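Here are the chains, one letter per residue:
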Amino acid sequence: MADIHIDIERMIMHSNYLLEVDNSSASNGLSDMERKQYLDQIKELVQTVQTLLDANIALGNKQKELQAEADRKIAGLQDQVDKLTGELQARRRKMHGKNNEKQTGDKSVNTGKTKDEEEGEYIENGCEQPSDSDDSDEVTDTEATNPKKDLSQRPDHYKTMKAEVLVVHDCDKDKLKAMGLEFIRYTRPVDQFDRISMTRQDRYLYAWVRDKNGNEFAFFVPKDEGVEQRACTFVDESKYDMPSMVPHTSSTSGMLSDLIVNRFQYAITSGREMYRMVNEKMRMSKSTIFNWLRHGAEFLENCQETIKQWLLKPGSTIYCDESWVDTKVTDANGEVHYKKRYMWVIVNLTTKVCYYLYGSRKKEVIKEFLGDFKGTLMTDAYAAYLYFNKLKDCTHVCCWSHVRRLFVSASRDYKDSLAQAFIDLIGILYKVEVENQVLSRTEKEIVKHRGEESLPVLHDLYQQATALLKQFEKNKIKLSAKLQQALTYMTKHWEELMAYTKIGSVLIDNNCCERAVRPFTNLRKNFGGFSSEQGARVTATFLTFVETCKLMATAPLDFFRGFFDMIVAGRRDYALMTEALLVKPV
């Protein structure tokens, strides 16, 4: 039948013709044989038409199946397009320039995934914890050692460092003689560098006068006095009578403090610092600046133990986060590479301390640092932090800001309208927290209001999330990829997200720690990375004190000047020095 082309219309016309003949022949008296032959012919035509009709129905069903399959593929491709479009929108906001201070010719390899990439994979995998190999590319890090310099041909003075103003202090030979000392010759001069920066205020005392015509107005005329009578003294010159340099440097405490603040508070690169020195008619190499900063950090490291004790005060709440950075390391074969390393940032708002810890992202780094900390620890809820749930006498709380961020991305980047309801409910939770701060509620009052106002909203959030996920699993509703991730993330970490309601001293999110991460990310954006592990630890040391000073409402420049003044004076009681500079008397 498949090889025979049949004109269905002709068959139908033929059938109608035969029927008409049958009707007309009935009156003409057809024989039984003619009638039987005629009926058989009609049956054959009807069977043929029925076969064609069945084949047509089968083809229609097949076409529907193919159309449904095509629709499913189109829907799947559209989901992928929506997901990629959302990821593109999210990444566009995170894009930034990559200006750095890496030297040309450095050997570089794949430095590994950033935290954002690892977190994204963790969420996309349904918040399933990966194997404990977050730093599998770890290499044996060794500090680059410089060969010993030949000091036999040292010049009489620095030729690469020269300031615009040079003041020569000669040794008093008469006083030497009076002390019973014989002058033989001059030694190599000791050069000391200081930077004086200040804002000058001049106050002019205008007189209200009247002229001969009776007109009154303000008028000023300077006194006719010598310069000696109205000289402006910017600094106390007596402090330069004797050298007062920070040990191992040629810098005063003021200049070293200025360099520290410029680099680690204002994120001024070494290149820009050199331009500033050119403007000041000063010549200095970058290596000299780095060496001075390194020696300054060595003194400050002795104060970090005191800061750590304040940070890990028992019973308090600490907030933890970290960010990646490329660092030059040397492997066991002597090969130099840039590897992903991390700067951990820990904040304690109770004691107003911020601590920066440099290392890998392995949990052993933060685990060793925390030790037997007893209190509350807030982090985000990604896989690297899940072990915090097992810490003894430590309550692990998760951040709601990270949850909200996923829903906002689903709504803004993936155009999923269902996400807005969750954003609104989380907004009610934040409204309660704002009222707690504005009304200065006590910890007991905070727990009470969270129980009365926040818990019903939290239960509503969980019920809506689980209901949507069940409908999605049964293919009754369509969700964007980001909304799926947000719902899975929230429900899987629900216990840690609920924990904040029972602790009045803890905030709803980890934003205070993320704000402390930002100064480091600014440095990373400006500098690009670290040329050594030592440089990374120096940065961690200085950032610890810069950000702690901010929390304690102390000017970082004043702290560093006071600290290095004490070092120059010979003090080494670091715990007392730290308390004297940071703890304000009641």
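Scroll up a little and you will see the structure.
(A) Looking closely at the packing of aromatic side chains. Taken as a whole, this structure holds 15 aromatic pairs when the rule is applied. When the ring centre of Phe527 is taken as reference, the NZ or CZ atom of Arg263 above it lies at 4.2 Å. Across from the ring centre of Trp324, 4.1 Å away, lies the NZ or CZ of Arg524, which sits over that ring.

(B) Main features of the environment of Asp509. Inspection of the secondary structure assignment puts Asp509 in the loop between helix H14 (494–498) and helix H15 (511–527). Judged by its relative accessible area of 8%, Asp509 falls in the buried class. Setting aside residues up to four positions removed in sequence, Asp509 forms contacts with Tyr319, Met378, Cys399, Trp400, Ser401 and Tyr430. Side chain to side chain, Asp509 and Tyr430 meet in a polar contact 2.9 Å long. Reaching out from Asp509, the side chain makes a polar contact with the side chain of Asn511 at a distance of 3.1 Å.

(C) A look at the pairing of strand S2 (residues 216–219). Pairing analysis gives four bridges linking strand S1 (residues 207–210) to S2, with the strands arranged antiparallel. Pairing of Val209 across the sheet is with Phe217, part of S2. Counting the residues in the hairpin turn of S1 and S2 gives five residues, including Gly214, whose phi is positive at 85°.

(D) The pattern of salt bridges, seen in detail. Taken as a whole and assessed by the stated rule, the structure comprises 18 salt bridges. Between Glu216 and Arg210 there is a salt bridge, and its shortest N-O distance comes to 2.7 Å. For Arg210, a relative accessible area of 57% gives the class exposed. Two residues, Arg361 and Glu322, come together in a salt bridge whose shortest N-O distance is 2.8 Å. On the criterion of sequence distance, the pair formed by Arg361 in the loop between strand S5 (353–359) and helix H9 (363–370) and Glu322 in strand S3 (residues 317–330) is long-range, its members being 39 residues apart. We note that Arg361, like Glu322, is buried. By sharing partners, the salt bridges in this structure join Arg195, Asp258, Glu273, Arg276 and Glu280 into a single network.

(E) Geometry of helix H13 (residues 481–492). With twelve residues, H13 ought to run about 16 Å at 1.5 Å a step, and its terminal C-alpha atoms sit 16 Å apart, in line with that. In terms of residue burial, H13 counts as a mostly covered element, since nine of its twelve residues are buried. Listed as buried for H13 are Lys482, Leu483, Gln485, Ala486, Leu487, Thr488, Tyr489, Met490 and Thr491.

(F) Region of interest: the nonpolar core. Ile366, Trp400, Phe407, Phe560 and Phe563 are the most contacted members of the largest nonpolar core, which totals 116 residues. If you tally residues by element for this core, the top one is helix H16 (residues 533–551), at eight residues. If we ignore the near neighbours within four places in the chain, the residues touching Ile366 are Cys320, Trp344, Ile346, Leu357, Tyr387 and Phe388.

Cut-offs and rules
- Residues numbered from 1 in each chain as written.
- Predicted model: local features only at pLDDT ≥ 70, side-chain atom pairs only at ≥ 80, totals over all residues.
- Heavy atoms only, no water.
- Phe/Tyr/Trp six-rings, centres within 6.5 Å; stacked < 30°, edge-to-face > 60°.
- Lys NZ or Arg CZ within 6 Å of the ring centre and 35° of its normal.
- Helix = DSSP H or I, 4+ residues; strand = E, 2+ residues; numbered from the N terminus.
- Buried < 20%, exposed > 50% of the residue type's maximum accessible area, 1.4 Å probe, protein only.
- Contact = heavy atoms within 4.5 Å.
- Polar contact = N/O pair within 3.5 Å; in protein donor to acceptor, adjacent residues only side chain to side chain.
- Pairing = 2+ DSSP bridges.
- Salt bridge = Lys/Arg side-chain N within 4 Å of Asp/Glu carboxyl O.
- Expected span 1.5 Å × (residues − 1).
- Core = buried A, V, L, I, M, F, W, Y, C linked by side-chain atoms within 4.5 Å.

The values reported here are purely geometric and, on their own, carry no functional implication.
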